[in-house]
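Here are the chains, one letter per residue:
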Protein chains: 2
Amino acid sequence: MRALVEAARRKGSALVVGLDPVPDRLPPGLRAEREKHEAVREFCRSVLEAVVPYAAAVKIQLAHFERLGPEGMRAYGELVREAADMGLPVIADAKRGDIAETAAAYAEAHLRLYGAHCVTVNPYMGADAVLPFLEEARRLGRGGGVFVLVATSNPSAGAFQEASEPPASELAARLVADLGEVRGCDYPDAGAVVGVTRPEAGRRVRELLPRALFLAPGFGAQGGGISGVRALLGGSGGGVLIASSRAILYAFEERGGDYREAAAEAARGMRDRLRTAGVKV
Amino acid sequence: MRALVEAARRKGSALVVGLDPVPDRLPPGLRAEREKHEAVREFCRSVLEAVVPYAAAVKIQLAHFERLGPEGMRAYGELVREAADMGLPVIADAKRGDIAETAAAYAEAHLRLYGAHCVTVNPYMGADAVLPFLEEARRLGRGGGVFVLVATSNPSAGAFQEASEPPASELAARLVADLGEVRGCDYPDAGAVVGVTRPEAGRRVRELLPRALFLAPGFGAQGGGISGVRALLGGSGGGVLIASSRAILYAFEERGGDYREAAAEAARGMRDRLRTAGVKV
């Protein structure tokens, strides 16, 4: 986690800008007369350039690149490199969940080949699905790690993650606690994805993981507010990175004008709101 | 599920051949002097040609293509088309687990763009993560569907999937029951991944899902035997497809000789064992 934590502290920002590029929502000028993957790539690169002063890191949602075929994956790799050149560590939001040598193959793909620092991982198959990603991150020694899905921000999450005793989110949190190691950074290399839309669950997960770094989606577009963020803060008032995608990427739809300026303004505003609320890493 | 079920009945086979191509394990002749993705593609295509008389369908493990970069994804797409030309429906073993429009993007990628019939899906994020795949399969109308991870065959599975009350595997099974619909086939379009290595869990999942089609890994290489398979059979003695990868792909390592002949022999032997045991669809 060192790469993320250092960037967040250097920038004084707890904001992770998410790239969820939906081709139909790109600015009309970018959509005209070109291949979708080219338009997506230019859009994403321009947004990164616009938000780089305000963002601690970037989270790339793999689904939107996978659906563009092999050329989409090429664009993903190029964006990871460009983000790194701008000093933005990359979280591959892949939510992969497979085991042993198969998980190792995914880890190799995202952390080694494409070059992301961190990757999101699904806990349903247990420790076998998480450990190979941590092992690859440790071998690479680039200050990366994993974020395990614990309490997600989507509407049907609770019906699965909180419907048993102990809740599945608690089992996932235990995996994070058991597998993470502190390496060159004051946070363990296994963190947790905890949405800001379910403060009750978030508070409980924080009790289980007092020292872990949280990656928290759901702020803004998914309806989560600053009170949901406060529920996730650790004892020292930190330990949370807020991931925001659509509210920044598509800020031009509401604000009008140039999409880059709209994204920059949205990112700066969000960074400032998080600062004011005392959210930090 | 119609595509899978029809193929299994036409062939009289409950065997799904899994493609998990590990570059370092390819036959030496294929490894020499060429790009990894080309070697993997030729290996997989040749194995498919060899096993086509004995296999109901093919399961492609995405991790091993993703780790080969954009060209690996191109090879995956080509293999899906080639399998379809051979009359083999394809299960994309992607285990994707994301929500709403993101899940829809993954569904578009695997079912529409790359052309697989079915896809494996992770239930941790609840119904939001499963339904978009079913909706895409239904729109396409090609007799496809999803297999939801329920009780997997890996060593750490039980520590997550059976460690609560009700167990997470039961919550996953309920998703399968709630979301699947019967469409042009006597099985619902949502099936379950249930390993043959945990007969206790398998028997319980079968009670919860008396009518569902199971995709069962873990036979052979992962230590599961025919008794583990029997625990999964439905009331009429059917409803199970057995997925076998390494025991077929790498049969040449033990048997020697041509890898295609070794794969064909292993696949025929496995089909026959399953027939003798009364495993069918």
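Residues numbered from 1 in each chain as written. Chains lettered and ligands numbered in written order. Predicted model: local features only at pLDDT ≥ 70, side-chain atom pairs only at ≥ 80, totals over all residues. Heavy atoms only, no water.

Under an unreviewed UniProt entry, the name given to chain A is Orotidine 5'-phosphate decarboxylase, and the organism recorded is Rubrobacter xylanophilus. Per UniProt, chain A has the following entry under Pathway (unreviewed entry): "Pyrimidine metabolism; UMP biosynthesis via de novo pathway; UMP from orotate: step 2/2." UniProt annotates chain A under Catalytic activity (unreviewed entry) with the comment "orotidine 5'-phosphate + H(+) = UMP + CO2". (UniProt positions renumbered as here; feature names shortened; annotations may be inferred.)

(A) View of the overall build of chain A. Helix and strand counts for chain A stand at 14 helices and eight strands. Radius of gyration (C-alpha) of chain A: 18 Å, near the 19 Å computed for a compact globule of 281 residues. On the principal axes, the C-alpha backbone points of chain A span a range of 50 × 40 × 35 Å. For chain A, with 281 residues in total, the buried portion stands at 66%. If you take every contact in chain A between residues at least 6 apart in sequence, the share linking residues at least 24 apart comes to 77%. Summing over all exposed atoms, chain A offers an accessible surface of approximately 9,500 Å²; the carbon and sulfur share of this is 47%. Each charge class in chain A can be summarised by its mean position, and for the 36 positive and 35 negative side chains these summaries are 5 Å apart. (Helix = DSSP H or I, 4+ residues; strand = E, 2+ residues; numbered from the N terminus. Rg over C-alpha atoms; globule rule 2.2 N^0.38 Å. Buried < 20%, exposed > 50% of the residue type's maximum accessible area, 1.4 Å probe, protein only. Contact = heavy atoms within 4.5 Å. Areas by Shrake-Rupley, 256 points an atom, 1.4 Å probe, with all protein chains shown as cover. Lys, Arg positive; Asp, Glu negative; His and termini not counted. Charge placed at Lys NZ, Arg CZ, Asp CG, Glu CD.)

(B) Structural context of the sheet that holds strand β5 (residues 145–151) of chain B. Residues and elements named next belong to chain B. Pairing is parallel in the closed barrel, where eight strands are placed in the order β1-β2-β3-β4-β5-β6-β7-β8. Taking the axes of each pair of neighbouring strands and ignoring which way they run, one obtains an average angle of 30° across the sheet. The pairing of strand β1 (residues 15–19) with strand β8 (residues 240–244) spans three bridges and is parallel. What sits directly across from L15, in β8, is I242. Against the sheet, helix α1 (residues 2–11) engages β2 (57–61), β3 (90–96), β4 (118–121), β5 and β8, with an angle of about 85° to β8. (Pairing = 2+ DSSP bridges. Axes fitted to C-alpha atoms, helices over the stretch in contact; angles between N-to-C directions.)

(C) Region of the structure containing the relation of the copies chain B and chain A. Take chain B, turn it by 180°, move it 0.0 Å along the axis, and it overlays chain A with an RMSD of 0.0 Å. Classification of the inter-copy transformation places it as that of a two-fold axis. Of every C-alpha in chain B, the one belonging to B:P70 sits nearest the axis of rotation, 2.3 Å from it. Interface overlap between copies: 100% of the residues of chain B at the interface are likewise at the interface in chain A, consistent with a symmetric, same-surface contact. (Least-squares fit on C-alpha atoms with pLDDT ≥ 70 in both.)

(D) Region of the structure containing the sheet that holds strand β1 (residues 15–19) of chain A. All names here are of chain A. Pairing is parallel around the closed barrel formed by eight strands, whose spatial order is β1-β2-β3-β4-β5-β6-β7-β8. Shown here is a sheet whose adjacent strand axes are inclined to one another by a mean of 30°, direction ignored. Summarising the sheet, β1 and strand β2 (residues 57–61) pair through four bridges and their orientation is parallel. Residue pairing in the sheet places G18 in a bridge with K59 of β2.

(E) Here's a closer look at the pairing of β1(A). For β1(A), a buried count of five out of five residues is recorded, marking the element as mostly surrounded by other parts of the structure. Residues A:L15, A:V17 and A:L19 line one face of β1(A) and the alternating positions A:V16 and A:G18 line the opposite face, and both faces are buried.

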